[in-house]
Amino acid sequence: MSSHINQISERPVALVTGSTRGIGAAIALELAQNGFNLAINGRSPEEQVIPLINKIQSFGVKAIYIRADVSIGEDRNLILKELKEKFGRIDILVNNAGVAPEVRRDILEVTEESFDRVMAINLKGPFFLTQLIAKWMIELKKERGDIDPIIINISSISSYTSSPERAEYCISKAGVSMMTKLYAHRLSEYGIRVYEIRPGIILTDMTMPVKQKYDRLIAEGLTPIKRWGRPEDVAKAVVAIAKGYFPFSTGEVFNVDGGFHLRRL
Ligand code: NAP
């Protein structure tokens, strides 16, 4: 692979972590339809991602796949290197990659192994990837006036909702919420804005194992908007932010949860 930039992208560039499927893939598709070049990321083999790449390219934008595990430092460096070589710029970072615990265990039984795995992927990965990308965004912002860098973190209603059968997930997402505030504060002097999207119950591979439980809870009125969330619901919120329509807001939280967060009487 060449070590120089082929050509600096004229279109704005978005990196969406964990975008081989689910919410991340929907975000990538929606951004592509809005004119962004895309870096797709995940751990799947490249051949599994080809249909998605083709679909994104059918919107007339460029898409690359960076196979990398966000929890591993070397892989995060690879992401930066590939972005620099293939696009020469970054406008939008969407920290979306995330996992549920492999086994739902009561908080009194959670293992260190599961705790470390979930925290590494859901919190340590995005924390240090943001550090890496933000430093490049700072450089880019100084070099050229036409870039408006934005970072969007996908947290969850679990960042404030207690589910003792997946404590490590809830703690990791609470960490993502604090990470949003910290980076929003620190990066404001460079004109880089940071936002958080809190999805509710969204129909993806992640929620498939608990589909029946949530079907019942939604039917019983768990959410004011009585339906499952769709990956596209989250994707639309990402695009609204990525298009720059919130120029005087940072550290802002967008609930995409059918109203789950409302206290009700
Ligand atoms: P999903 O369908 O299970 O997809 C997860 C994505 O993350 C896949 O593309 C997967 O790619 C990627 N991924 C997993 N581990 C990774 C790693 N170590 N490095 C890089 N990529 C990795 O999940 P989803 O429901 O779309 O969830 C996406 C995000 O939304 C997560 O952060 C999740 O916590 C959050 N969220 C989901 C819901 C929901 O109800 N579904 C609700 C609130 C928040 P590979 O398989 O190719 O590795």
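Rules and cut-offs
Residues numbered from 1 in each chain as written. Predicted model: local features only at pLDDT ≥ 70, side-chain atom pairs only at ≥ 80, totals over all residues. Heavy atoms only, no water. Helix = DSSP H or I, 4+ residues; strand = E, 2+ residues; numbered from the N terminus. Contact = heavy atoms within 4.5 Å. Near = heavy atom within 4 Å. Polar contact = N/O pair within 3.5 Å; in protein donor to acceptor, adjacent residues only side chain to side chain. Areas by Shrake-Rupley, 256 points an atom, 1.4 Å probe, with all protein chains shown as cover. 1 Å grid on protein atoms, 1.4 Å probe; cavity = no way out; pocket = protein on both sides within 12 Å on 5 of 7 lines; lining within 4 Å. Sits in = over half its atoms within 2 Å of the grid points. Points joined across faces, edges and corners; volume = space filled by probe spheres on them. Axes fitted to C-alpha atoms, helices over the stretch in contact; angles between N-to-C directions. Parallel < 35°, antiparallel > 145°, perpendicular 65-115°, else oblique. Left-handed = near helix turned anticlockwise from the far one by under 90°. Nonpolar A, V, L, I, M, F, W, Y, C, P; charged D, E, K, R; others polar. Pairing = 2+ DSSP bridges. Buried < 20%, exposed > 50% of the residue type's maximum accessible area, 1.4 Å probe, protein only. Right-handed = clockwise from strand over helix to strand, strands pointing away.

Peer 1: What is the right way to look at the overall build of the protein in this model?
Peer 2: Looking only at helices and strands, one finds seven helices and seven strands in the protein. Ordered by position in the sequence, the α and β elements of the protein form the string β-α-β-α-β-α-β-α-β-α-β-α-α-β. Expressed as lengths along the three principal axes of its C-alpha atoms, the size of the protein is roughly 55 × 40 × 35 Å. Of the contacts made within the protein by residues no fewer than 6 positions apart, 74% connect residues no fewer than 24 positions apart.

Peer 1: Would you explain the site of the ligand in this entry?
Peer 2: Every one of the 31 residues lining the ligand counts as a neighbour, but Thr 20, Ser 44, Asn 96, Tyr 169 and Thr 204 are closest to it. Note that an oxygen atom of the ligand is positioned 2.5 Å from one of the side-chain N or O atoms of Ser 44. In the model, a nitrogen atom of the ligand is placed 3.0 Å from a nitrogen or oxygen of the Val 70 main chain. In isolation the ligand has 890 Å² of accessible area, and contact with the protein removes 95% of it. Comparing atom positions with the cavity grids shows the ligand to sit within the largest pocket. At the level of secondary structure, the elements contributing two or more residues to the shell around the ligand comprise α1 (22-33), β2 (37-42) and α5 (167-187).

Peer 1: How should I be thinking about the layout of surface pockets in this particular structure?
Peer 2: It is the rolling of a water-molecule-sized probe over the atoms that shows where space remains empty. In this model, the largest pocket occupies a volume close to 1100 Å³. What lines the largest pocket is a set of 47 residues, among which Gly 98, Val 99, Ala 100, Thr 204 and Met 206 lie closest to the centre. Of all the elements in the fold, those that place two or more residues in the lining of the largest pocket are α1, β2, α5 and α6 (211-219). In terms of residue count, α1 provides more of the lining of the largest pocket than any other element does, three residues in total.

Peer 1: Help me understand the packing of α1 against helix α7 (residues 231-242) in this model?
Peer 2: To characterise two packed helices, one gives the angle between the axes of the helices and the distance between these axes. Interaxial distance between α1 and α7 falls to 8 Å at its minimum, and their mutual angle equals 45 degrees. It follows from the interaxial angle that α1 and α7 lie oblique. The two elements α1 and α7 cross, and the hand of that crossing is right-handed. Touching Gly 22, Ile 23, Ala 26, Ile 27, Glu 30 and Leu 31 of α1 are Pro 231, Glu 232, Val 234, Ala 235, Lys 236, Val 238, Val 239 and Ala 242, all from α7. Here the contact of α1 with α7 is composed, by residue class, of 10 nonpolar, one polar and three charged.

Peer 1: Before we go on, may I ask you to explain the sheet that holds β2 in this structure?
Peer 2: Think of a sheet as strands paired side by side through backbone hydrogen bonds, with each pair either parallel or antiparallel. Here seven strands make up an open sheet; going across it, the order is β3-β2-β1-β4-β5-β6-β7 and the pairing parallel. The strands lining the two open edges of the sheet, one partner per strand, are β3 (63-67) and β7 (252-256). Across the sheet, the axes of successive neighbouring strands diverge by a mean angle of 20 degrees, strand direction being ignored. Across the face of the sheet, helix α3 (residues 73-86) comes into contact with β1 (13-16), β2 and β3 while running at roughly 160 degrees to β3. α5 rests against β4 (92-95), β5 (150-154) and β6 (193-199) of the sheet, and its axis sits at about 160 degrees to β6.

Peer 1: Help me understand the pairing of β4 in this model?
Peer 2: Along any regular strand the residues' side chains alternate between the sheet's two faces. By the alternation rule, side chains of β4 split into Ile 92 and Val 94 and Leu 93 and Asn 95, which are all buried. In this sheet, β5 lies alongside β4 in parallel orientation, the contact comprising four bridges. Looking at β5, one finds that Ile 92 is bridged to Ile 150. In this region the chain leaves β4, passes through helix α4 (residues 112-143) and returns to the parallel neighbour β5; the handedness of that crossover is right-handed.

Peer 1: Sorry, what's going on with empty space enclosed by the protein here?
Peer 2: In the structure shown here, the tally under the stated rule is one cavity of 30 Å³ or more. Within this model, the largest cavity holds a volume of roughly 30 Å³. Lining the largest cavity are Asn 95, Ala 97, Asn 122, Pro 126, Asn 153, Ile 154, Lys 173 and Val 176. Elements with a minimum of two residues in the lining of the largest cavity: α4, β5 and α5.

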